[in-house]
Amino acid sequence: MSATPTTPPPPALRPYLTARHQRLWDEADAFAAEHVAPRAARMEAAPGKVERKVADLMAARRWFAVTVPSAFGGLDAGHVAKTILIHRLARVSAATAAILQATLIPVGALLHFATYEQKNYWLPRVADGSLLLSIAVTEPQAGGHIGGMKTVAEHAGSEWVITGSKSHIGNSHLAGAHLIVARTAETGVSTSQALTAFMIESNRRGLSISRHRPGLGLHGFTAGRLDLDHVRIPQDNLIGEIGQGLAVAQSSSILYGRPNLAAVSLGIHEAVMATTTARLKTRPRYRSTLSDLPVLRDRIGGMEARLRASRILTYQAVHLLDQRLPCDADLINAKYLGHQWAAQSAQDAMELHGAHALDRDYLLQRLWRDIQHTYPPAGTGEVQRIRLADAAFHEDHIQWSEHLAAEAAWARPDPTAA
Ligand SMILES: Cc1cc2nc3c(=O)[nH]c(=O)nc-3n(C[C@H](O)[C@H](O)[C@H](O)COP(=O)(O)OP(=O)(O)OC[C@H]3O[C@@H](n4cnc5c(N)ncnc54)[C@H](O)[C@@H]3O)c2cc1C
């Protein structure tokens, strides 16, 4: 699908969009048409290649700093703005959107947990485009069970020494620094106090990154493995307090990971819909086209219902976040249903395209493969349902949206100012 230069926001989203948001929407569409669309086929044709150029182009626009306060050189544009960028890019290339969103999760963690000095050290480099980040929590054996992680950080004089492995780390090959969560307490200490977060530069001795192995989809994006063999880092690289690692990982997954993945799914969902309606409108059947067959229109109606609902869920959730209202369950739900509905529509679309869908290099295959990648990150479907059941029983543990909004980093004064 070739991207139209700009498609205005649908009226249903206007309550959430300011004039600045609308400009960013147009800017993202124009960027996607000019820079991403021509690369998307090349990225698909070379799955073993890490796409750096598109990351450089986004960095030059300071999009990796969309949520970074202006005091640190960022755009200070908030969560709706972040969603616009990810969503509009994902329509054209989910891999490109994935590159953007993977850095924006650790940026969020730094905003909430780093000291002023640490923010001042890391964020201006993200803002000027010279540094991309990753967040590294998942491990080969522990998977989504954070409490089962084995990576250990030990205090040695004025340094920390970290050993272990992390897997499926988004932007593993592009990030110049990784926000890593490691165990800092003995076995038996509760997970909520046993883990700690650290920033680790990618060129630290003892840190190695496995060769990029392409996955089913998202070609151009990397989600690889990091191995840490006694990596030494200074005390200054500890983020938050000792024992706050679970809070860093969970809060950034809920406040940043969930809505980011909802936006990627939404972009893919829109592309699925556009590809399918275009196909049915041009495929001749009897005296007309497939788009006139009632049974197929019924399926398109179902897809359109899911797409419209996904849009509202995604934007409403991040709007609430920008308004600093409690919205953890809304963010979780947007990710959960956003993926599920897009995957269902992608499957319907494969069937509606008939054998043509199976032709090599056909766009729909890429969309179908890419949507499989939004299920595991930032919580699988099971994890989301567990959290949503907690909300139903009023057993939510911490409302991160409420808890961290109160102490939002950008709301705090610069302690060094006179
Ligand atoms: C594209 C992509 C990007 C990613 N980016 C990152 C990243 O940047 N940083 C990072 O740290 N990780 C990242 N991940 C990893 C992701 O967070 C994990 O895949 C996820 O946490 C699940 O872990 P797992 O795949 O090992 O599955 P497992 O934990 O092995 O789970 C397998 C299945 O069992 C279910 N299951 C497991 N435990 C339970 C339970 N207690 N109750 C009910 N069901 C359960 C799961 O829902 C799943 O269906 C990424 C993954 C992908 C695909």
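Quick caveat: nothing in here was measured; it's all calculated off a predicted structure.

Novice: Could you give an account of the overall build of the protein, naming the residues involved and the relevant values?
Specialist: Scanning the protein for helices and strands turns up 12 helices and 10 strands. For the protein, whose C-alpha radius of gyration is 21 Å, the value lies close to the compact-globule estimate of 22 Å for 418 residues. Taken along its principal axes, the extent of the C-alpha atoms in the protein is 80 × 45 × 45 Å. For the protein, the residues scored as buried account for 55% of the 418 residues in total. If you take every contact in the protein between residues at least 6 apart in sequence, the share linking residues at least 24 apart comes to 76%. As presented, the protein carries roughly 17,900 Å² of accessible surface, and 53% of it is formed by carbon and sulfur atoms. Across the protein, the mean location of the 43 positive side-chain charges is 8 Å away from that of the 38 negative side-chain charges.

Novice: Account for the domain arrangement of the protein, with residues named and values stated.
Specialist: A common way to express how large an interface is: the accessible area buried when the components associate. As far as domains go, the protein holds domain 1 (11-132), domain 2 (134-243) and domain 3 (247-411). For domain 1 and domain 2, the distance between their C-alpha centroids amounts to 23 Å. On the side of domain 2, 24 residues touch domain 1, which itself brings 26 residues to the contact. Of the roughly 2,100 Å² buried where domain 1 meets domain 2, counting both sides, 68% is carbon and sulfur surface. Inspection of the domain 1/domain 2 interface yields 0 salt bridges. Counting across the interface, domain 1 meets domain 2 through 10 residue pairs in polar contact (both at pLDDT 80 or more). For the side of domain 1 that touches domain 2, the secondary structure elements donating two or more residues are helix H1 (19-45), helix H4 (94-113) and helix H5 (116-127). It is H4 that provides the largest number of residues to the side of domain 1 that touches domain 2, a total of 11 residues. When its residues are assigned to classes, the side of domain 1 that touches domain 2 shows 19 nonpolar, 3 polar and 4 charged.

Novice: Describe the side chain of His 173, naming the residues involved and giving the relevant values.
Specialist: Tracing the backbone through its elements, the reader meets His 173 in the loop between strand S3 (159-170) and strand S4 (177-183). Note on His 173: relative accessible area 18%, which makes it buried. Apart from residues lying up to four places away in sequence, His 173 is in contact with Val 50, Arg 52, Ile 209, Ser 210, Arg 211, His 212, Thr 222 and Gly 224.

Novice: Give me the lowdown on the pattern of salt bridges, citing residues and values where you can.
Specialist: Within the structure shown, the criterion is met by 17 salt bridges. As a salt-bridge pair, Arg 369 and Glu 44 come within 2.5 Å of each other at their nearest N and O atoms. Taken together, the residues Arg 369 in helix H10 (residues 363-372) and Glu 44 in helix H1 connect sequence positions 325 residues apart. Of the two residues, Arg 369 and Glu 44, both sit in the buried class. Residue Arg 299 is joined to Glu 351 by a salt bridge in which the shortest nitrogen-to-oxygen separation is 2.6 Å. Taken as a pair, Arg 299 in helix H8 (residues 294-322) and Glu 351 in helix H9 (residues 328-352) lie far apart in primary sequence, 52 residues in all. We classify Arg 299 as partly exposed; its relative accessible area is 27%. Judged by its relative accessible area of 44%, Glu 351 is partly exposed. One network of salt bridges, in which partners are shared, links Asp 29, Arg 88, Arg 91, Glu 270 and Arg 311.

Novice: How would you explain the nonpolar core if you had to name every residue and give the values?
Specialist: Counting residues in each nonpolar core, the largest one holds 112 residues, and the members touching the most others are Trp 63, Leu 89, Leu 100 and Tyr 315. When residues of this core are assigned to their parent elements, the largest contribution, 16 residues, is made by helix H7 (residues 245-282). Apart from residues no more than four positions distant in its own chain, Leu 89 is found in contact with Ala 28, Phe 31, Ala 32, Val 36, Met 58, Trp 63, Thr 96, Ala 97 and Leu 100.

Novice: Let's hear about the pairing of S4: which residues, and what values?
Specialist: The buried count for S4 comes to 7 of 7 residues, which makes it a mostly enclosed element. Residues Ala 177, Leu 179, Val 181 and Arg 183 of S4 are buried on one face, and the alternating residues His 178, Ile 180 and Ala 182, pointing to the opposite face, are buried as well. With 7 bridges connecting them, S4 and strand S5 (residues 195-201) associate as antiparallel partners. Residue pairing for S5: Ala 177 is matched across the bridge by Glu 201.

Novice: Outline the environment of Arg 14, supporting the account with residue identities and numerical values.
Specialist: Residue placement: Arg 14 occurs in the segment before H1. Expressed as a C-alpha distance, the spacing of Arg 14 and Tyr 315, which sit 301 residues apart in the sequence, is 9.9 Å. Leaving out residues up to four positions away in the same chain, Arg 14 has contacts with Pro 9 and Gln 22.

Novice: Residue-level account of the site of the ligand, with values.
Specialist: The environment of the ligand is formed by 15 residues, the closest being Ile 135, Thr 138, His 168, Thr 380 and Glu 382. Note that a nitrogen atom of the ligand is positioned 2.8 Å from one of the backbone N or O atoms of Ile 135. One of the backbone N or O atoms of Gly 144 is found 2.9 Å from an oxygen atom in the ligand. Protein contacts shield 60% of the accessible area of the ligand, which totals 980 Å² for the unbound molecule. Broken down by secondary-structure element, the contributors of at least two residues to the shell around the ligand are strand S1 (133-136), S3 and helix H11 (381-392). Here the shell around the ligand takes 3 residues from S3, the largest share from any one element. Of the residues that constitute the shell around the ligand, the class distribution is 7 nonpolar, 7 polar and 1 charged. In this structure, the shell around the ligand is formed jointly by two domains, domain 2 (134-243) and domain 3 (247-411), each of which donates at least three residues.

Cut-offs and rules
- Residues numbered from 1 in each chain as written.
- Predicted model: local features only at pLDDT ≥ 70, side-chain atom pairs only at ≥ 80, totals over all residues.
- Heavy atoms only, no water.
- Helix = DSSP H or I, 4+ residues; strand = E, 2+ residues; numbered from the N terminus.
- Rg over C-alpha atoms; globule rule 2.2 N^0.38 Å.
- Buried < 20%, exposed > 50% of the residue type's maximum accessible area, 1.4 Å probe, protein only.
- Contact = heavy atoms within 4.5 Å.
- Areas by Shrake-Rupley, 256 points an atom, 1.4 Å probe, with all protein chains shown as cover.
- Lys, Arg positive; Asp, Glu negative; His and termini not counted.
- Charge placed at Lys NZ, Arg CZ, Asp CG, Glu CD.
- Domains from an automatic or database assignment.
- Buried area = accessible area lost by both parts, 1.4 Å probe.
- Salt bridge = Lys/Arg side-chain N within 4 Å of Asp/Glu carboxyl O.
- Polar contact = N/O pair within 3.5 Å; in protein donor to acceptor, adjacent residues only side chain to side chain.
- Nonpolar A, V, L, I, M, F, W, Y, C, P; charged D, E, K, R; others polar.
- Core = buried A, V, L, I, M, F, W, Y, C linked by side-chain atoms within 4.5 Å.
- Pairing = 2+ DSSP bridges.
- Near = heavy atom within 4 Å.

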